[in-house]
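A look at the structure
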Amino acid sequence: MGQNQQTLSIDAFHWHIGLLQNLDVGLVVLDEQYHVHLWNSFMANYSGLSDSDVRERNLFELFPDLPAQWFKSKLNTVFHLRNRAFITWQERPWLFNFKPNRPFTGKAAQMYQNVTLIPLTSPDGEVHQIGILVYDMTDAAMSHLDLEAANQELARLSRTDRLTGLSNRGYWEECLEHEYDRFLRNHRSSSLIMLDIDHFKKINDTYGHQAGDQVIRSLAQLIKEHIRSTDSAGRYGGEEFGILLPDTSDSHAEVLAERLRRAAQDALIYYGDETIRFTLSLGIAESQPDDSHHESWIKRADEALYKSKQGGRNQTTIF
Ligand SMILES: Nc1nc2c(ncn2[C@@H]2O[C@H](COP(=O)(O)OP(=O)(O)OP(=O)(O)O)[C@@H](O)[C@H]2O)c(=O)[nH]1
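Residues numbered from 1 in each chain as written. Predicted model: local features only at pLDDT ≥ 70, side-chain atom pairs only at ≥ 80, totals over all residues. Heavy atoms only, no water.

Stated precisely, the cut-off is as follows: UniProt positions are given in the numbering used here, feature names are shortened, and annotations may be inferred rather than shown by experiment.
The name given to the protein chain in an unreviewed UniProt entry is diguanylate cyclase, and the organism recorded there is Marinobacterium lacunae. A UniProt comment under Catalytic activity (unreviewed entry) is attached to the protein chain, and it reads "2 GTP = 3',3'-c-di-GMP + 2 diphosphate". Note on the protein chain: under the UniProt heading Cofactor (unreviewed entry), the record states "Mg(2+)".

Structure representation (structure tokens):
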């Protein structure tokens, strides 16, 4: 090899080292005893440990909070199979517990990382060392998580009635349908309460539509306070609501219905200078196999509600 060529290869070696040192990606080389042989400036900056602090030292002793058992098994697989391995932030948000360097704009407390493990073949054809590349994925992870949160919020809104915060009719009917299918499989009865504000048109006509809305909101609040977390309440129509009570007989449902009816009767709704009172009519139907469909179940509860209206309102009827 001529003098020029030798100079060039030494130059090239320095460029390579310079490039590796200044990459905006973490780079570590480990041997089979997990001793560190290369530690670039990315790793030094985020860990606070310089190349000379870590060189020839065991990675797991340097970083006791690394998931040692899990990570060693990944490294050993790369040594044995000589294949690259990839660890994404979705699988494990981070390997090295680094703080991202976005102290003012970022929300993340930790740097999210993708990690690639590369088997490094020695001149003897064997793999005695592994290269670890650590990519900072914090921005991508944050956008992804923000998008996911926004989608979840959209999904929640699409299930919710805006005026009352209860389930809207579409979602509530879906729950009812699932409950009816469950009943057909396990034959454990559930009950359905349909309820409607009495003479609500008169409340609107007397106090105005906004006051009517306030009555609907207050009733929704009363319902939330009376039901269990396993029950589901939904706004079925203007001033009609449905409550699904899983694993509940009609006589037990009646206890809740009557409690709610009395609470409504006693409630005082303040709207401006007005004090508004209202009553409820309620109908109950227990699930039955011959309903054939959840809609027939609603129909029976509605028929019972109609009987309460016919019977003089402010009362509960079991179908
Ligand atoms: N304020 C308000 N009123 C509503 C809303 N949805 C429906 N309504 C009104 O609710 C009233 C329901 O009237 P009706 O179906 O005649 O029943 P009612 O006056 O409650 O009489 P009974 O049910 O027979 O006791 C109508 O005047 C609707 O305009 C709403 O979201 N807000």
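Things to note about the overall build of the protein chain
Note the following rule: In DSSP terms, a helix is any run of H or I states spanning at least four residues, a strand is any run of E spanning at least two, and both are numbered starting from the N terminus. Each residue's exposure class comes from its accessible area (1.4 Å probe, protein chains only) as a fraction of the maximum for that residue type: buried when under 20%, exposed when over 50%, partly exposed otherwise. Residues count as neighbours in contact if any of their non-hydrogen atoms are within 4.5 Å of one another. Calculation of accessible area relied on Shrake-Rupley with a 1.4 Å probe; when residues are assessed, cover is drawn exclusively from the protein chains displayed.
Helix and strand counts for the protein chain stand at 11 helices and 12 strands. Of all 319 residues assigned to the protein chain, the portion counted as buried reaches 42%. Counting only contacts in the protein chain whose residues sit at least 6 apart along the sequence, the fraction spanning at least 24 positions is 61%. As presented, the protein chain carries roughly 17800 Å² of accessible surface, and 51% of it is formed by carbon and sulfur atoms.

Quick look at the pairing of strand 1 (residues 26–31)
Rule in force here: Here, any two strands with at least 2 DSSP bridges between them count as paired.
Among the six residues in strand 1, six count as buried, and that is most of the element. Alternating residues of strand 1 divide into G26, V28 and L30 and L27, V29 and D31, and every residue in both groups is buried. Note: strand 1 against strand 5 (residues 127–136), six bridges, orientation antiparallel. The partner of V28 across the bridge, within strand 5, is I132. With three bridges connecting them, strand 1 and strand 2 (residues 36–39) associate as antiparallel partners. Note that in strand 2 the partner of V29 across the bridge is L38.

Quick notes on the sheet that holds strand 5
Here is the rule: Only C-alpha atoms enter the line fits that serve as axes; for helices the fit covers just the stretch in contact. Angles between N-to-C directions range over 0 to 180 degrees.
Strands sit in the order 2-1-5-4-3 across an open sheet of five strands; the sheet is antiparallel. Strands at the two margins of the open sheet, each flanked by one partner only, are strand 2 and strand 3 (85–87). Adjacent strand axes in the sheet meet at a mean angle of 15 degrees, parallel and antiparallel pairs treated alike.

Observations concerning the site of the ligand
Stated formally: Whether a residue is near a molecule or strand depends on its heavy atoms: it is near if one of them lies within 4 Å of it. The term polar contact refers here to a pair of N or O atoms within 3.5 Å; inside protein, the definition further demands a hydrogen-donor-capable atom paired with an acceptor-capable atom, and it admits residues adjacent in sequence only when both atoms are side-chain atoms.
Neighbouring the ligand are 16 residues, the closest being H199, F200, D213, R235 and K309. In this structure, K201 approaches the ligand through a main-chain N or O atom, which is 2.8 Å from an oxygen atom. At 2.6 Å, a side-chain N or O of R235 approaches an oxygen atom of the ligand. When the ligand sits alone it has 660 Å² of accessible area, and the protein chains cover 66% of it. Among the secondary structure elements, those contributing two or more residues to the shell around the ligand are strand 6 (191–197), helix 8 (200–207) and helix 9 (209–226).

Re unusual backbone geometry
Positive phi, close to 45 degrees, is recorded for H199, a residue that is not glycine. Counting through the fold element by element, H199 comes out in the loop between strand 6 and helix 8. Judged by its relative accessible area of 47%, H199 falls in the partly exposed class.

Some remarks on a nonpolar patch on the surface
Rule in force here: Each patch is built from salt-bridge-free residues with over 30% relative accessible area, joining like charges within 9 Å and nonpolar side chains (Val, Leu, Ile, Met, Phe, Trp, Tyr) within 5 Å. Salt bridge, as used here, is a side-chain nitrogen of Lys or Arg placed within 4 Å of a carboxyl oxygen of Asp or Glu.
Residues F13, I17, L20 and L23 make up a contiguous nonpolar surface patch of roughly 320 Å² in combined accessible area. One can find F13 in helix 1 (residues 3–22).

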